[in-house]
Amino acid sequence: MTRTVLALIAAGVFGTGTILINNQEQENSYQPDTTGFMAQKLNHSRDIVNGLATGDYDAISKAAQALTLISHESDWNVIQTEQYLHASSNFRGSTTRLRNAAHEKNLDGSTLAYIEVTLNCVRCHQYLRDERMKNGK
């Protein structure tokens, strides 16, 4: 009976240790759900383009604000470098300019600000691809 109890205790300790190790590995390898996150960003971008085409300044403003808010979510922070933080700040600045131009019902200003938002996206994504290649990911 004693051997059976010791065997059960050993199995429990070993099993718990294995679970803890597996949980630690999962925490260290956390990757944000970029597919769903990117779909949200693209939907807001689509809303902006639609608003620009139809002159719907309210839709432009709401989508620009949504992009600004998304940039503060945890899934946004896929890398912690000074350049990435600077790129995120630039993105927020351009979404704020877009929202402000929409509030002013300034179609040219809104269009130019949206181009700036897009340029910030493209530049940041290029930076992330370059970083992944450097790190072999």
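Cut-offs used in this document
- Residues numbered from 1 in each chain as written.
- Predicted model: local features only at pLDDT ≥ 70, side-chain atom pairs only at ≥ 80, totals over all residues.
- Heavy atoms only, no water.
- Helix = DSSP H or I, 4+ residues; strand = E, 2+ residues; numbered from the N terminus.
- Buried < 20%, exposed > 50% of the residue type's maximum accessible area, 1.4 Å probe, protein only.
- Contact = heavy atoms within 4.5 Å.
- Areas by Shrake-Rupley, 256 points an atom, 1.4 Å probe, with all protein chains shown as cover.
- Salt bridge = Lys/Arg side-chain N within 4 Å of Asp/Glu carboxyl O.
- Core = buried A, V, L, I, M, F, W, Y, C linked by side-chain atoms within 4.5 Å.
- Expected span 1.5 Å × (residues − 1).
- Arc of directions from axis to C-beta.
- pLDDT = per-residue confidence, 0-100.

### Digging into the overall build of the protein
And step 1. Regarding its fold elements, the protein presents 5 helices and 0 strands.
And step 2. Listing every helix and strand of the protein by position from the N terminus yields α-α-α-α-α.
And step 3. Counting over 137 residues, the protein shows a buried share of 28%.
And step 4. Long-range pairs, those at least 24 residues apart, make up 62% of the contacts in the protein between residues at least 6 apart in sequence.
And step 5. Of the roughly 9,300 Å² of accessible surface on the protein, a fraction of 58% belongs to carbon and sulfur atoms.

### Structural notes on the pattern of salt bridges
Where charged atoms from two side chains of opposite charge come close, those side chains can pair.
And step 1. Per the counting criterion, the structure on display carries 4 salt bridges.
And step 2. In this structure, Asp47 engages Arg46 in a salt bridge whose closest nitrogen and oxygen atoms are separated by 3.2 Å.
And step 3. Glu116 is the partner of Arg97 in a salt bridge, and the nearest nitrogen-oxygen pair spans 2.4 Å. Of the two residues, Arg97 is situated in helix H4 (residues 82-103) and Glu116 in helix H5 (residues 107-134); the sequence distance between them amounts to 19 residues.
And step 4. Arg97 gets classed as partly exposed once you look at its relative accessible area, which sits at 41%.

### Digging into the nonpolar core
And step 1. Core analysis: the biggest nonpolar cluster contains 22 residues, and Ile48, Ile60, Trp76, Tyr84, Leu98 and Leu128 have the highest contact counts within it.
And step 2. When contributions to this core are tallied by element, the ones reaching two or more residues are helix H2 (34-54), helix H3 (57-70), H4 and H5.
And step 3. Sequence-distant contacts of Ile60, defined by excluding residues within four places in its chain, comprise Ile48, Gly51, Leu52, Leu98 and Ala102.

### Things to note about H4
Helical geometry note: an α-helix holds 3.6 residues per turn, so side chains three or four residues apart project in the same direction.
And step 1. Taking 1.5 Å of rise per residue, the 22 residues of H4 would be expected to cover 32 Å, and the 32 Å separating its terminal C-alpha atoms lies within 8% of that figure.
And step 2. Three or more residues of H4 are buried, namely Tyr84, Ala87, Ser88, Phe91, Ser94, Thr95, Leu98, Ala101 and Ala102. Taken down its axis, H4 places every buried residue within 150 degrees of arc, on the same side. Structural note: H4 exposes Glu82, His86 and His103 on the side pointing more than 90 degrees away from its buried face.
And step 3. Two residues or fewer past H4, Lys105 is found with a positive phi of approximately 55 degrees.

### A few points about the environment of Asn100
And step 1. Looking at where Asn100 falls in the secondary structure, it is placed in helix H4.
And step 2. With relative accessibility at 34%, the residue Asn100 sits in the partly exposed group.
And step 3. Note: C-alpha distance between Asn100 and Ile60 (40 residues apart in sequence) is 9.9 Å.

### Description of the confidence of the model for the protein
And step 1. Across the protein, the average pLDDT comes to 80, with 73% of residues at or above 70.
And step 2. Across the protein, element-level confidence peaks in H3 with a mean pLDDT of 96 and bottoms out in helix H1 (residues 2-28) with 44.
And step 3. Counted against residues more than four places away or in other chains, residues 5-30, with its pLDDT under 50, gives 1 contact.

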